[in-house]
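Listed below are the residues making up each chain.
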Amino acid sequence: QVQLVESGGGLVQAGGSLRLSCAASGRTFSSYAMGWFRQAPGKEREFVAGIRWGGGTTYYTDSVKGRFTISRDNTENTVYLQMNSLKPEDTAVYYCAASLKFYPVVVLRTPVPYDYWGQGTQVTVSS
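Rules used throughout
- Residues numbered from 1 in each chain as written.
- Predicted model: local features only at pLDDT ≥ 70, side-chain atom pairs only at ≥ 80, totals over all residues.
- Heavy atoms only, no water.
- Helix = DSSP H or I, 4+ residues; strand = E, 2+ residues; numbered from the N terminus.
- Polar contact = N/O pair within 3.5 Å; in protein donor to acceptor, adjacent residues only side chain to side chain.
- Core = buried A, V, L, I, M, F, W, Y, C linked by side-chain atoms within 4.5 Å.
- Buried < 20%, exposed > 50% of the residue type's maximum accessible area, 1.4 Å probe, protein only.
- Contact = heavy atoms within 4.5 Å.
- Pairing = 2+ DSSP bridges.

### What to know about the side chain of T78
Along the chain, T78 turns up in strand β8 (residues 78-83). Here the side chain of T78 touches E76 through a polar contact of 2.9 Å, landing on its backbone oxygen.

If you want it as structure tokens, here you go:
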């Protein structure tokens, strides 16, 4: 089993920054591909950013490229999402997720291959 706990959400003005953390426990963290997703009220959960085992490959949805950075610290069993230049449309509940198997990046951009999910953390960006 894997437990994922997100933190770092909050209320920020447009243009501001937040750093989300996802602490993992229960299994060898370095075996995972990790992803960040978000879900706004009335909308489907959408992919935000992902990182492969060992932190060698990162990938983002187009709307956050250049503003968000995903990273991981395998020694701390933690994945981060640094969010800069935040916009009101970034407002959502943000979830981290772990995939235990190899999948192409195109698949990792969907919720399907993720085996474990955190409880989510609210990010609210005011205009």
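### Some remarks on the nonpolar core
Judged by nonpolar contacts, the single largest core of 29 residues is most densely connected at L4, W36, L81, M83 and Y94. Looking at this core, the elements that each hand over two or more residues are β3 (18-25), β4 (33-39), β5 (46-51), β7 (68-73), β8, β9 (92-99) and β11 (121-126). The residues touching Y94, leaving out its near neighbours within four places in the chain, are E6, L20, W36, F37, R38, V48, F68, L81, M83, G120, T121 and V123. Of all hydrophobic cores here, the second largest spans seven residues; its members include A33, F37, A97 and L108.

### Notes on the pairing of β4
Two faces belong to every sheet, and in a regular strand the side chains alternate between them. Within β4, six of the seven residues are buried, which leaves the element mostly enclosed by the surrounding structure. As judged from the seven bridges shared by β4 and β9, these two strands associate in the antiparallel manner. The residue of β9 that forms the bridge with R38 is Y94. Judged from the five bridges that link them, β4 and β5 form a sheet pairing that is antiparallel. In the sheet register, G35 faces β5, and the bridge partner there is G50. Hairpin connection between β4 and β5: a loop of six residues separates the two successive antiparallel strands, and G42 in this loop has a positive phi of roughly 75°.

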